[in-house]
Amino acid sequence: FSNWSNDVCSFLAQQQDSLILCVIDGDGTIFSDSLIASGREGGRQAAQLLTKGLADYIQKNDIQIRGRFSCWTTIYFNRKGLSDTLINNHVCSAEDFDDFVLGFSQASPTFQLVDVGYGKEAADVKIKGAHMRHWTLTLTETYHVCEQNS
């Protein structure tokens, strides 16, 4: 039974598509003002542009992936802090911002925005926790594409 189990695990590892984990510190304005001001449609476009950018990066840097890839994206941010900054700088209205967040998170079942609240390092702590959690996944290769310096 043990050899059969090892063979099955080996087969599954060869068949599994690649999983790209994209974890972003979103406390700064990471998308263009025009996308944010476009509300829900801007959020959808931002998600599409991010996915395309990741695919282009993988191809440009000749990163080998198995089969198709699935992109799981999590943006950690202080929702109220970022919203207040954008509104005070006349980038968008509160409704535009809420609609942008909704459009981004609805663009794919694997896209999410997580409000970490106030705190200088709140997003960084969540990102480090996400890395530790995903490093323990089995049968998954993780590529660290880029890291934002604090």
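Residues numbered from 1 in each chain as written. Predicted model: local features only at pLDDT ≥ 70, side-chain atom pairs only at ≥ 80, totals over all residues. Heavy atoms only, no water.

**Quick notes on the overall build of the protein chain**
The helix and strand tally for the protein chain stands at six helices and three strands. Reading the protein chain from its N terminus to its C terminus gives the helix and strand order α-β-α-α-β-α-α-β-α. Looking at the protein chain residue by residue over its 150 residues, the buried ones come to 32%. Only carbon and sulfur atoms are counted for the fraction: they give 53% of the accessible area of the protein chain, which is about 9500 Å². (Helix = DSSP H or I, 4+ residues; strand = E, 2+ residues; numbered from the N terminus. Buried < 20%, exposed > 50% of the residue type's maximum accessible area, 1.4 Å probe, protein only. Areas by Shrake-Rupley, 256 points an atom, 1.4 Å probe, with all protein chains shown as cover.)

**As for the pattern of salt bridges**
Within this structure, the stated rule accounts for four salt bridges. Between D56 and K52 there is a salt bridge whose closest N-O contact spans 2.8 Å. One end of the pair is D56 and the other is K52, both in helix α3 (residues 39-60) and four residues apart, which spans about a single turn. With relative accessibility at 35%, the residue D56 sits in the partly exposed group. The salt bridge partner of R79 is D98, with a shortest N-O separation of 3.1 Å. Of this pair, R79 sits in helix α4 (residues 79-88) while D98 sits in helix α5 (residues 94-106), and the two are 19 residues apart along the sequence. On the accessibility criterion, D98 (37% relative accessible area) is partly exposed. (Salt bridge = Lys/Arg side-chain N within 4 Å of Asp/Glu carboxyl O.)

**Describing the confidence of the model for the protein chain**
Fine structural detail should not be taken from predicted coordinates in areas where pLDDT scores are low. The share of residues in the protein chain with pLDDT of 70 or more is 73%, and the mean pLDDT across the chain is 78. Confidence, read as mean pLDDT per element, is least for helix α1 (residues 2-15) in the protein chain (52) and greatest for α5 (97). Here residues 135-150 scores under 50 on pLDDT; set against residues more than four positions off or in separate chains, the count is 20 contacts. (pLDDT = per-residue confidence, 0-100. Contact = heavy atoms within 4.5 Å.)

**A short note on the packing of α3 against α5**
Look at α3 against α5: their axes get within 6 Å of each other, and the N-to-C directions meet at 40 degrees. As the angle between them shows, α3 and α5 are arranged oblique. Here the hand of the crossing between α3 and α5 comes out right-handed. Residues G39, R40, G42, G43, R44, A46, A47 and L50 of α3 touch α5, and the partners they reach there are D96, D99, F100, L102, G103, F104 and Q106. Residues that form the contact of α3 with α5 fall into these classes: six nonpolar, five polar and four charged. (Axes fitted to C-alpha atoms, helices over the stretch in contact; angles between N-to-C directions. Parallel < 35°, antiparallel > 145°, perpendicular 65-115°, else oblique. Left-handed = near helix turned anticlockwise from the far one by under 90°. Nonpolar A, V, L, I, M, F, W, Y, C, P; charged D, E, K, R; others polar.)

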